[in-house]
Amino acid sequence: MPPNSPVGQEIVKTIGTSEELPGLGLICAASIAIANKIKVQIKPGHEQFPNIYGLALLPPGEKKTPVAKVLLPPFHHFQKNERVNVKAAKDDWRAQSRIAKVDITAWEKKVAKADPAERDNLRAQIIEAERAMSEKPNERVLIANDATSEALARLMSRNHGAVGVFSSEGRKVLSIAAGRYTKGRDADTALWLSGYSGDYWRNDRAGGDSFELPEPVISALIMTQPDTIQTM
């Protein structure tokens, strides 16, 4: 585990697990918290985000869930506060949107009788009102544990390009990546590969909005039993 980590030592002492599990857990939790806020310069011209993928393979009874319950509360606390803050922001956005709709209707009625200069001014006001209506506040999400790659990418597009995946029972996460929901059961790992290296990723699926992730960042901690890998 990280040297001189009082949290890690207390987990080992209290829960009775090996040092490796909380050590990996703390490093991955830090990676999820940092997300894409900083870059590390390995050498001139070579920069990387400090995101990592952690996989703990342990048989039943090796304290995976108890360790996760120690590591997850700060994330849950953040998400709870974020939900409250975003709810207030959404209430304000809905009120502003209703006002904007009324304003747009009034401006549109004036257009027919307006001279060219006034039309340009009305057009600018309508564009600005429609822009404000489109900017719906979104809740930032630090961690997810049950999402297809497409849903994960969409979440990242609303989340400044980053997200963490944390699961103390990773069978479903790994089965999705292995192709559970893809045609022909082909592995669905393209986003995971881009999210590790920060390579440009774009979504242009039929029936969905197009969006791009210039530098996608995924940090992950997945705990599961050895037979999960054998099954895959």
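How each quantity is defined
- Numbering of residues begins from 1 in every chain and follows the order in which that chain's sequence is written.
- It should be noted that, the model being predicted, local features are given only for residues of pLDDT at least 70 and side-chain atom pairs only at 80 or more, the latter also being counted only at that level, while totals for whole chains, interfaces and linings use all residues.
- Only heavy atoms go into the side-chain values, all of them from the structure, while hydrogens and water stay out.
- By definition, a salt bridge exists where a carboxyl oxygen of Asp or Glu is found within 4 Å of a side-chain nitrogen of Lys or Arg.
- The rule is simple: take the accessible area with a 1.4 Å probe, protein chains only, and divide by the maximum for that residue type; under 20% is buried, over 50% is exposed, in between is partly exposed.
- Helix numbers and strand numbers start at the N terminus; a helix is a DSSP run of H or I with at least 4 residues, a strand a run of E with at least 2.
- To define axes, lines are fitted to C-alpha atoms, for helices over the stretch in contact only, and angles between the resulting N-to-C directions are given on a 0 to 180 degree scale.
- Orientation is classified from the angle alone, with under 35 degrees giving roughly parallel, over 145 giving roughly antiparallel, 65 to 115 giving roughly perpendicular, and any other angle giving oblique.
- Here a crossing is taken to be left-handed if its near helix is turned anticlockwise relative to the far helix by less than a right angle, and right-handed if that turn runs clockwise.
- In what follows, residue pairs with any heavy atoms lying within 4.5 Å of each other are defined as contacts.
- Charged means Asp, Glu, Lys or Arg here, nonpolar means Ala, Val, Leu, Ile, Met, Phe, Trp, Tyr, Cys or Pro, and polar covers whatever is left, Gly included.
- Expected span of a helix, by definition, is 1.5 Å for each gap between consecutive residues, and there is one gap fewer than residues.
- Two strands are said to pair when DSSP picks up at least two bridges between them.
- Think of a nonpolar core as a cluster: buried Ala, Val, Leu, Ile, Met, Phe, Trp, Tyr and Cys residues, connected wherever their side-chain atoms sit within 4.5 Å.
- Classification of ring pairs uses Phe, Tyr and Trp, with its six-membered ring standing for Trp, and accepts pairs whose centres are within 6.5 Å; under 30 degrees between planes counts as stacked, over 60 as edge-to-face, and the remaining range as tilted.

A. Highlighting the pattern of salt bridges. In this structure the tally under the stated criterion is 12 salt bridges. Lysine 39 serves as the salt-bridge partner of glutamate 47, at 4.0 Å between the closest nitrogen and oxygen. The partly exposed category is assigned to glutamate 47, whose relative accessible area is 48%. With a shortest N-O distance of 3.8 Å, glutamate 150 and arginine 154 are connected by a salt bridge. With glutamate 150 and arginine 154 both in helix α6 (residues 149–157) and 4 residues apart, the pair spans about one turn of that helix.

B. Local environment of unusual backbone geometry. You will see that alanine 35, though not glycine, has its phi angle at about 50°, which is positive. Within the fold, alanine 35 resides in the loop between α2 (20–34) and β1 (40–43). Backbone geometry at lysine 63 places phi at a positive 70°, although glycine is not the residue there. Given the relative accessible area of 30%, lysine 63 is considered partly exposed.

C. Just the packing of helix α4 (residues 73–111) against helix α5 (residues 116–134), in detail. It is the contact of α4 with α5, at a shortest axis distance of 9 Å, that shows an interaxial angle of 160°. Comparing their axes, α5 and α4 come out roughly antiparallel. Crossing geometry of α4 relative to α5 is assigned as left-handed. Between α4 and α5, the contacting residues are Trp93, Ser97, Ala100, Lys101, Ile104, Trp107, Glu108, Lys110 and Val111 on the first element and Arg119, Leu122, Gln125, Ile126, Ala129, Glu130, Ala132 and Met133 on the second. The residue makeup of the contact of α4 with α5, split by class, is 10 nonpolar, 2 polar and 5 charged.

D. Region of interest: α2. Between its first and last C-alpha, α2 extends 21 Å over 15 residues, near the 21 Å set by a 1.5 Å rise per residue. Buried within α2 we find Leu21, Pro22, Gly23, Gly25, Leu26, Cys28, Ala29, Ser31 and Ile32. Alanine 35 sits one or two positions beyond α2 and adopts a positive phi of about 50°.

E. Local environment of the sheet that holds strand β3 (residues 53–57). Reading across from one edge, β3-β8-β5-β4 is the order of the 4 strands in this open sheet, with parallel pairing throughout. The outermost strands of the open sheet, each flanked by one partner alone, are β3 and β4 (143–144). Note that β4 and strand β5 (residues 162–167) share 2 bridges and pair parallel. Bridged to isoleucine 143 within β5 is glycine 164. Along the sheet face, α6 touches β4, β5 and β8 (217–224) and points at about 135° away from the line of β5. Against the sheet, helix α8 (residues 190–197) touches β3, β5 and β8, its axis set at about 115° to β8.

F. Region of the structure containing the nonpolar core. In terms of nonpolar packing, the biggest core is built from 19 residues, with Leu152, Val165, Leu191, Trp192 and Ile218 touching the most fellow members. Of all the secondary-structure elements, those providing two or more residues to this core are α6, β5, α7 (171–177), α8, β7 (211–213) and β8. Here this core gets 4 residues from one element, more than from any other, and that element is α6. In contact with leucine 191, not counting residues within four places along its chain, are Ser149, Leu152, Ala153, Met156, Trp201, Leu213 and Ile218. In terms of nonpolar packing, the next biggest core, distinct from the first, is built from 18 residues, Ile11, Ile32, Ile143 and Leu221 among them.

G. Structural detail: the packing of aromatic side chains. Inspection of every chain in the model, using the stated rule, returns 3 aromatic pairs. Centroid distance tryptophan 201 to phenylalanine 211: 6.4 Å. Interplanar angle 40°. Geometry classified as tilted. Taken as a pair, tryptophan 201 in strand β6 (residues 201–203) and phenylalanine 211 in strand β7 lie far apart in primary sequence, 10 residues in all. We classify tryptophan 201 as buried; its relative accessible area is 13%. Pairwise contacts between aromatic rings join Tyr53, Trp192 and Tyr196 into one cluster.

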